[in-house]
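Architecture and fold: a report
Now for the letters of each chain:
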Amino acid sequence: MEDGTSKAPGYCTGTEDDQARQWDARADCDVRHILDRIADKWSLLVIALLDRRTMRFSELRRAVDGVSQRMLTVTLRQLERDGLVRRTVYPMVPPRVEYALTPLGISLHEVIKSLVIWTEEHQREISAARSAYDERVAEEERLLRSLAP
């Protein structure tokens, strides 16, 4: 097999703890597809909201500030396809549809909570780093302008 050739469609390098930083970044990697889905801003928000309780589409739309109806629909379908969200349709007029996390979605929410906790614990450091970066970039731009003819 040639160097760089995939072993099988969707094949990715190992993701054991010591190899987690070496997952395959190719577009056809299943791990990359899953990470792209769950790291999407709308997916994270929907998963966080559904951890609290089962919700109807209209409730989710009101709760997720800035999401369009189309984007929420796409997000929910993708999460359902990935086995993270369960969609239940009740035969009424009009039909009532509810969304809830599956056990797999609940386990993912535990990981997301860890990320949120880390963010809360480090938000001041990140804010300070952003300010320092912005000041450094502004100073470099001032220096470049002063050197320009």
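As a starting point, this report considers the structure included with it.

Rules and cut-offs
Counting of residues starts from 1 at the beginning of each chain's written sequence and follows it residue by residue. Totals for whole chains, interfaces and linings use every residue, but because this is a predicted model, local features are given only for residues with pLDDT of at least 70 and side-chain atom pairs only at 80 or more, for both listing and counting. Each side-chain value is derived from all of the structure's non-hydrogen atoms; neither hydrogens nor water enter the calculation. Pairing of aromatic side chains here covers Phe, Tyr and the six-membered ring of Trp, requires ring centres within 6.5 Å, and sorts the geometry by plane angle: under 30 degrees stacked, over 60 edge-to-face, intermediate tilted. Charge-over-ring placement is defined geometrically: NZ (Lys) or CZ (Arg) within 6 Å of the ring centre, and within 35 degrees of the ring normal. Here a strand pair is declared whenever DSSP counts at least two bridges between the two strands. Every helix listed is a DSSP run of H or I at least four residues long, and every strand listed is a run of E at least two residues long, numbered separately from the N terminus. Throughout, nonpolar core names a set of buried Ala, Val, Leu, Ile, Met, Phe, Trp, Tyr and Cys residues whose side chains join them through atoms within 4.5 Å. A simple rule labels every residue: compare its accessible area, found with a 1.4 Å probe on the protein chains alone, to the largest value its type can have, and call it buried under 20%, exposed over 50%, or partly exposed in between. Here, residues are in contact when the closest pair of their heavy atoms is within 4.5 Å. The convention used is that axes are lines fitted to C-alpha atoms, helices contributing only their stretch in contact, and that angles between N-to-C directions extend from 0 to 180 degrees. Orientation categories follow fixed angle ranges, with anything under 35 degrees roughly parallel, anything over 145 roughly antiparallel, 65 to 115 roughly perpendicular, and all other angles oblique. Each residue receives one of three labels: charged for Asp, Glu, Lys and Arg, nonpolar for Ala, Val, Leu, Ile, Met, Phe, Trp, Tyr, Cys and Pro, and polar for the others, Gly being one of them. One axis fitted to the seven residues ending at a residue, another fitted to the seven starting there: the angle between these axes is the bend at that residue.

1. As for the packing of aromatic side chains
Under the counting rule described, the total for this entry stands at zero aromatic pairs. Lying across the ring of Tyr90, Arg96 places its NZ or CZ 4.2 Å from the centre.

2. Notes on the sheet that holds strand E1 (residues 55–56)
The strand order E1-E3-E2 describes an open sheet built from three strands, whose pairing is antiparallel. Unpaired on one side and paired on the other, E1 and strand E2 (85–90) mark the two borders of the sheet. Where E2 lies against strand E3 (residues 96–101), six bridges are found, and the strand directions are antiparallel. Bridging from a neighbouring strand, Val85 pairs with Leu101 of E3.

3. With respect to the nonpolar core
Core analysis: the largest hydrophobic core is formed by 20 residues, its most contacted members being Leu50, Leu60 and Tyr99. Secondary-structure elements contributing two or more residues to this core are helix H2 (41–52), helix H4 (69–81), E3 and helix H5 (103–147). When residues in this core are grouped by element, the largest group, five residues, is from H2. Leu50 has contacts with Met55, Leu60, Val85, Tyr99, Ala100 and Leu101, leaving out every residue within four places of it along the chain.

4. Brief notes about unusual backbone geometry
In this model, Val93 is joined to Pro94 through a cis peptide bond whose omega is -10 degrees. Relative to the helices and strands, Pro94 resides in the loop between E2 and E3.

5. As for the packing of H2 against H5
Direction vectors running N to C along H2 and H5 enclose 110 degrees, while the axes themselves pass 10 Å from each other. When the interaxial angle is binned, H2 and H5 end up roughly perpendicular. Judged by residue contacts, Leu44, Ile47, Ala48 and Asp51 of H2 engage Gly105, Leu108, His109 and Ile112 from H5. Grouping the amino acids of the contact of H2 with H5 by side-chain chemistry returns five nonpolar, two polar and one charged.

6. Side note on H5
Since there are 3.6 residues in each turn of an α-helix, residues three or four apart along the chain are aligned in direction. When the local axis directions of H5 are compared, the greatest deviation, roughly 60 degrees, occurs at His122. Looking at H5, one finds that the buried residues are Gly105, Leu108, His109 and Ile112.

7. So, the pairing of E3
Taken across its six residues, E3 has five buried, putting it largely inside the fold. With two bridges connecting them, E1 and E3 associate as antiparallel partners. Each residue of the ladder has a partner; that of Met55, found in E3, is Tyr99.

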